[in-house]
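A structural walkthrough
Next come the chains, spelled out residue by residue.
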Amino acid sequence: MPFLSLTTWSLHRNLGPLRWTYWDEEKRTQGTHTEEQPETISLLELPGILREQGYQAMEICHFHFPDTSNDYLSKLRSALEQSGIRLYTLLADYGDITSSDEQRRESDMKWLIEWIDVASAVGAERIRVIAGDADPADDKALRLAASQLQRLIDYAAGKNVRIITENFHDLTSTSHNCLSLLDTCGSDLGLTTDFGNFSGPHKLSELRATIPRSESIHAKAITGQRGEPDEEELRNCMEQVKHSGYEGPITLVYDGPGDMWEGIGRVKALVEPYLSS
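What you are looking at is a predicted structure, and each value in this text was computed from that prediction instead of being measured.

**Quick notes on the overall build of the chain**
In terms of regular secondary structure, the chain is built from 8 helices and 10 strands. In terms of overall dimensions, the chain is globule-like: its C-alpha atoms have a radius of gyration of 18 Å, near the 19 Å expected for 277 residues. Projected onto its principal axes, the C-alpha coordinates of the chain cover approximately 45 × 45 × 35 Å. Going through the 277 residues of the chain one by one, you find that 53% of them count as buried. Within the chain, contacts between residues at least 6 apart in sequence are counted, and of these 78% link residues at least 24 apart. Counting every atom, the chain has about 12,100 Å² of accessible surface; 45% of that belongs to carbon and sulfur. In the chain, 27 side chains carry a positive charge and 44 a negative one; their mean positions are 3 Å apart.

Encoded structure:
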């Protein structure tokens, strides 16, 4: 039976500064741009809050980690264990493993390996890796992505962390490419399907193709100017989940205007009927 999860992105205006990673072309390495946001909740407090609200799992974006020292990661792991909340996925939200710039590509792979170490230390079951920013029609880039993901899979196996990718960024913007990577890498690679990352007239057919082979679903609603979700559209997406037999986490994604907890609540109310059906 599917169960309820939340990504920290749904609280990105509540968890303090966002530490965005970017490629610094001049220095030829990764840089960090800090976007100030209020901290009304600390990341250490969040697992306990989610447990009280009926969640069973969570996903943490890498830019929400205020610290990656052993001491901090130990505290976060303890907070998760005490709450009983599963850290289902650490979302690595940077990296172009198919970059045509070999130096950047290898530097980004090293960066991802460091975050696999973080995922292992904090007790994350998975780490989501972006498959690349190459054109989705670039078959060579798709083969390179599979090879790079396999390298990460081989490393992460020794850390008890599973590698998954997502229909996120250009290369995996089609269900065909998502499934191709799964076919090439086999059962060692997992997939997240995000409702919001497919669009256009074929969106539902794309979802029907990837959801049955996914182990994580991001239930992202289309929202209006006041943060109200497109209820019919979200239900249509959830119907694809229902009929697929999917039994993993349904991770609520809200990034609309207004109070984020209220926005999450509106999405949650639409998703919850599908958790017991």
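Picking up where we left off.
**Some remarks on the nonpolar core**
Core analysis: the largest hydrophobic core is formed by 76 residues, its most contacted members being Ile-127, Ile-163, Phe-195, Ile-250, Leu-252 and Val-271. Not counting the four nearest positions on each side in its chain, Ile-163 is found in contact with Ile-116, Ile-127, Val-129, Leu-149, Leu-152, Ile-153, Ala-156, Asp-188, Leu-189 and Gly-190.

**Quick word on the packing of helix α3 (residues 102-122) against helix α4 (residues 139-157)**
Relative to each other, α3 and α4 sit at 35°, their axes nearing to 10 Å. Classified by chirality, the crossing of α4 by α3 is right-handed. Mapping the contact onto sequence places Arg-105, Glu-106, Met-109, Leu-112, Ile-113, Ile-116 and Asp-117 in α3 and Leu-144, Gln-148, Arg-151, Leu-152, Tyr-155 and Ala-156 in α4. Of the residues contributing to the contact of α3 with α4, the split by class is 8 nonpolar, 1 polar and 4 charged.

**A closer look at helix α2 (residues 70-83)**
If you check α2, its first and last C-alpha atoms are 20 Å apart, about what 14 residues at 1.5 Å a residue would give, namely 20 Å. Within α2, burial applies to Tyr-72, Leu-73, Leu-76, Ala-79, Leu-80 and Ser-83. One side of α2 carries all its buried residues, which in axial view fall inside an arc of 120°. Within α2, the exposed residues directed more than 90 degrees away from the buried face are Asn-70, Glu-81 and Gln-82.

**Regarding helix α8 (residues 260-271)**
End to end, α8 covers 16 Å across 12 residues, agreeing with the expected 16 Å (1.5 Å per residue, within 8%). If you check which residues of α8 are buried, you get Met-260, Gly-263, Ile-264, Val-267, Lys-268, Leu-270 and Val-271. Projection of α8 onto a plane perpendicular to its axis shows the buried side chains occupying an angular sector of 160°, all on one side. Contacts from the buried residues of α8 go to β1 (3-7), β9 (216-220), α7 (231-244) and β10 (249-253). Taking the backbone nitrogen of Trp-261 as reference, a side-chain oxygen 3.0 Å away marks Asp-259 as the first, capping residue of α8.

**A short note on unusual backbone geometry**
The backbone of Arg-28 shows a phi angle near 60°, a positive value even though the residue is not glycine. Along the chain, Arg-28 turns up in the loop between β2 (18-24) and β3 (29-35). By relative accessible area, Arg-28 is classed as partly exposed at 23%. Of note in this structure, His-169 is not a glycine but carries a positive phi near 75°.

Conventions adopted
Residues numbered from 1 in each chain as written. Predicted model: local features only at pLDDT ≥ 70, side-chain atom pairs only at ≥ 80, totals over all residues. Heavy atoms only, no water. Helix = DSSP H or I, 4+ residues; strand = E, 2+ residues; numbered from the N terminus. Rg over C-alpha atoms; globule rule 2.2 N^0.38 Å. Buried < 20%, exposed > 50% of the residue type's maximum accessible area, 1.4 Å probe, protein only. Contact = heavy atoms within 4.5 Å. Areas by Shrake-Rupley, 256 points an atom, 1.4 Å probe, with all protein chains shown as cover. Lys, Arg positive; Asp, Glu negative; His and termini not counted. Charge placed at Lys NZ, Arg CZ, Asp CG, Glu CD. Core = buried A, V, L, I, M, F, W, Y, C linked by side-chain atoms within 4.5 Å. Axes fitted to C-alpha atoms, helices over the stretch in contact; angles between N-to-C directions. Left-handed = near helix turned anticlockwise from the far one by under 90°. Nonpolar A, V, L, I, M, F, W, Y, C, P; charged D, E, K, R; others polar. Expected span 1.5 Å × (residues − 1). Arc of directions from axis to C-beta. Polar contact = N/O pair within 3.5 Å; in protein donor to acceptor, adjacent residues only side chain to side chain.

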